[in-house]
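Descriptive structure summary
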Amino acid sequence: MSSIFISHSSQDNGWAEQIRDWLMDGREQRPQEKRFRSLFLDFDPEDGIQAGARWRDQLYEHLQLCAAVIVLCSEAYAASQWCLAELGVAMASGKLVLPVRIASGTPLPKLLSETQATALAVIDLEQGADSGWERLLKGLEPLSWQSRLPWPPPGEPGASPFPGLNTFERRHAAVFFGQDHVLRTLRERINQLPQRQSQLLLILGASGCGKSSLLRAGVLPWLAEADRRSWIVLEPFRPGKQPFKWLHQVVSERFKSVGAIPPGVPARTVEQLGDQLEDLRRLSGQQDARVVIPIDQLEELLGRGDDLSPDPAADADAFLTLLAQLLAMEGSQVLILATLRSDFYGQLQLHPSGLHRLAGPPQPLGPMEPAAFRQVIEGPAQRVGLRLEPGLSDALVNDTTTGDALPLLAFTLQELWKGSNSGLTLQQYEAFGRLEGAVQRKADAVIKALGPDQASLKALRAAFVPAMVRVNEKGGYARRAANWDSLPEAARPLLEALVDARLLVRRHEKGQPSTVEVAHEALLRVWPELRAWLDDPDAQDFLRGSQQLEQDLEQWQKATGADKPKALLSGLKLARGLDWLEKRSDQLRPELQSFIQASQRRAVRQRRILVGSAAAAFAVISGAAGLAFLQLQRARAAQAAQFEATHRALITSDPFLSVVYGLAATKPLLDGNKPWEAAQLSQSLQQAVMANMARSAPIATGQGEVWSLIALKNGEVISGGSDGSLRRWRDGKPVGDGKPIATGQG
């Protein structure tokens, strides 16, 4: 429905059309806040009454739902009973009524005179109409930003004013409510930006506070229309793990919008990007315009997201560096608007690109106040003429006590809208399980409708954990995009049903793998079935461990030369990976499986080396080193980690003791059936052996081979030789006359 209703006599059609065109300002001669796109004129071929429609009903419906009525006062209007009826309805329903004289001296309709109404705008043809037009604009100032936009969006008849868990987009700007104060602040900050200066403006807030919707349906629609000569606004994009591709896509779309051939390849240097943006200004006829680059969920460049790119971390770092260089480049004339989760702000500040130093103070977006939640509920309803049962708004607002209440409220309102005929009721709300129960009810209903067997449910669990969920820095759960083709085949019917229910979002990009992700992270908290899967101790261990496994794989893929085998798994990581390979192979993508298998092959080779190293070490230290080793060998297996640390610390300063502690650390691991942990000591143990051989020769005992060693409490050691003799030692030197004691036992 339109926000402004032009009430006129058919004899004044020409004036009605002129007023409509002037208010819409198709040539954009006025700032955006003085232009109107949502107007109803009954004979308009596109937005007016269509042929065959019940015109009286149509007029009444538009009149009921509009925000303001412009009355074209003329003799013909005053003589028309239907025109006067329109005026009566408008005044009775409390509309903003703006009487406009279209001829000098024309009296106001009697109804207006009787209420002592004053003409807020007078258009006098004989004296030129400039002052009258300006007074008309002044009279329309009380209309909100949203009320000036059309609803429903073009091509979407019957669209819901509540988008559910999905983000508000630009086309939803007419029904975007609840963030008026923040929007005003952002507009003021943007308007005050110095000329020819670039800047990063961050919208900072927790997950679920509405950052993405504020950017897409609040700031950008205003900015795109504010002054097209001053701004070139690109479409917002999520960087994911392929930020260069997405930036190239939105730049190309803007080139196409002005009839130009887009750049052939993505810009990867600041010179390339600067040239592309300069070409865009020139081709758009806006040489001095500031280019706005909107980036939604900037944290995807700082944390772990999908893994579709072979080297996502490198691309993310390079992209952040590119943005910093672009902002720092003289004359770049760029505004980067980005949303960022609060818990990632520290990472941005520490990022080597220095991007945060080119940002103004971040705009915080905190939890909504109850009054704002009420606007979220009642604003869209009023915009589309939806009746809310008394008390429903109060019940909804009272339930908005959690940090993720906003997406849950949006989803609940969408579900209520779908099930309503003429309005939303408290009974519906109770039946839906109130705010948190609505999502659970929907998800459970989707699963129940398909009647899956246990194998399908197990496959669905494997699809969620770990493919679509990760653990964030604070230990909470966060969503991530998963490659559709990598998910279990048995789970796909269930996943498709959840996509149809808008609980999951599936994206198809030309030439790219199809992805799927949770529509909003609130689902991870309020759907008991999914929460139970996540809270299972084994699942938590696997979720955290698989994230580390992804990072290890990434490091291995980046490693080159001699560093490549060193980046493979070892020790506990390898043991855990082998266990998952056996028990959870369906949850490990092929690249991870290959990585674990390559690590296993290297560990086998290293174990063979370790055995050889240990034999060599025993031969070298068959004298005094053997004495010390025997003493350390009696230490408990729990001390292995301490021995290993000492071993590594002494490799250079005391390689003899380093060998002893290294072997002491290895033995409990081997005895405890932990060969892979022991294997990682092999390289450093070899270094210690070689260093010891370079510094000292083996001690000759004169007893043949040393078969036994006994440590005495006084610090001495008795060695037993293969020749049947015994000999006493202290600090590596013989005690007494130094002669072996023959036992005759051989």
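Please refer to the structure placed before this passage.
Scope of this entry: the structure provided in the associated data block. Predicted model, so just to flag it, every value in this text is computed and none were measured.

Let's talk about helix 13 (residues 370-384)
- Under the 1.5 Å per step criterion, the end-to-end length of helix 13 is 22 Å for 15 residues, consistent within 8% with the ideal 21 Å.
- Along its length, helix 13 shows its largest kink, about 25°, at Glu 378, and proline Pro 380 lies within four residues downstream of that point.
- Along its buried surface, helix 13 packs onto helix 2 (55-65), strand 11 (387-388), helix 14 (392-398) and helix 15 (405-418).
- Positive backbone phi, approximately 75°, marks Gly 385, located one or two places after helix 13.

Brief notes about the pairing of strand 9 (residues 334-341)
- A large share of strand 9 lies buried, amounting to eight of its eight residues.
- Burial of the side chains of strand 9 extends over both faces: Val 334, Ile 336, Ala 338 and Leu 340 are buried on one face and Leu 335, Leu 337, Thr 339 and Arg 341 on the other.
- Pairing of strand 6 (residues 199-205) with strand 9, which is carried by seven bridges, proceeds in the parallel orientation. Note on strand 9: the bridge partner recorded for Leu 202 is Ala 338.
- Two strands pair when backbone bridges link them, and strand 8 (residues 290-295) and strand 9 are joined in this way by five bridges, in the parallel orientation. Looking at strand 9, one finds that Val 292 is bridged to Leu 335.

Some remarks on the nonpolar core
- The biggest cluster of nonpolar side chains holds 97 residues, and the ones touching the most others in it are Leu 337 and Phe 464.
- Discounting chain neighbours no more than four positions away, the residues touching Leu 337 are Ile 190, Leu 201, Leu 215, Val 219, Leu 220, Leu 223, Val 292, Ile 293, Pro 294 and Ile 295.
- In this structure, Leu 273, Ile 295, Leu 301 and Ala 338 belong to the second largest nonpolar core, which totals 40 residues.

With respect to the pattern of salt bridges
- This model, assessed by the stated rule, comprises 26 salt bridges.
- As a salt-bridge pair, Arg 281 and Glu 278 come within 3.2 Å of each other at their nearest N and O atoms. Placement of the pair is Arg 281 and Glu 278 together in helix 10 (residues 270-284), with a separation of three residues, close to one helical turn.
- A salt bridge links Asp 394 to Arg 374, with the nearest nitrogen and oxygen atoms 2.8 Å apart. Taken as a pair, Asp 394 in helix 14 and Arg 374 in helix 13 lie far apart in primary sequence, 20 residues in all.
- For Arg 374, a relative accessible area of 28% corresponds to the partly exposed category.
- Residues joined by salt bridges that share partners form a network here, namely Glu 17, Arg 20, Asp 21 and Asp 44.

Comments concerning the sheet that holds strand 16 (residues 504-507)
- Overall, antiparallel pairing links the three strands, which are arranged 15-17-16 in an open sheet. With one partner strand each, in any of the chains shown, strand 15 (482-483) and strand 16 form the two edges of the open sheet.
- Where strand 16 and strand 17 (residues 515-518) come together, four bridges link them in antiparallel fashion. Counted as the bridge partner of Arg 507 is Thr 515 from strand 17.
- Taken strand by strand, helix 18 (residues 454-468) contacts strand 15, strand 16 and strand 17, and its axis lies near 85° from that of strand 17.
- Docked against the sheet, helix 19 (residues 492-500) engages strand 16 and strand 17, running at close to 100° with respect to strand 16.

Focus on the sheet that holds strand 7 (residues 231-233)
- Reading across the sheet, the five strands line up as 7-8-9-6-10 and stay open at both edges, with parallel pairing between neighbours. In the strand order of this sheet, the two ends are held by strand 7 and strand 10 (363-364), each with one partner.
- Bridge analysis of strand 7 against strand 8 gives three bridges, and the strand direction is parallel. Residue pairing for strand 8: Trp 231 is matched across the bridge by Arg 290.
- Sheet strands in contact with helix 10 are strand 7, strand 8 and strand 9, and its direction is about 115° off that of strand 7.

The rules behind each value
- Residues numbered from 1 in each chain as written.
- Predicted model: local features only at pLDDT ≥ 70, side-chain atom pairs only at ≥ 80, totals over all residues.
- Heavy atoms only, no water.
- Helix = DSSP H or I, 4+ residues; strand = E, 2+ residues; numbered from the N terminus.
- Expected span 1.5 Å × (residues − 1).
- Bend = angle between axes of the 7 residues up to and from the residue.
- Contact = heavy atoms within 4.5 Å.
- Buried < 20%, exposed > 50% of the residue type's maximum accessible area, 1.4 Å probe, protein only.
- Pairing = 2+ DSSP bridges.
- Core = buried A, V, L, I, M, F, W, Y, C linked by side-chain atoms within 4.5 Å.
- Salt bridge = Lys/Arg side-chain N within 4 Å of Asp/Glu carboxyl O.
- Axes fitted to C-alpha atoms, helices over the stretch in contact; angles between N-to-C directions.

No statement about biological role is implied by the geometric values presented.
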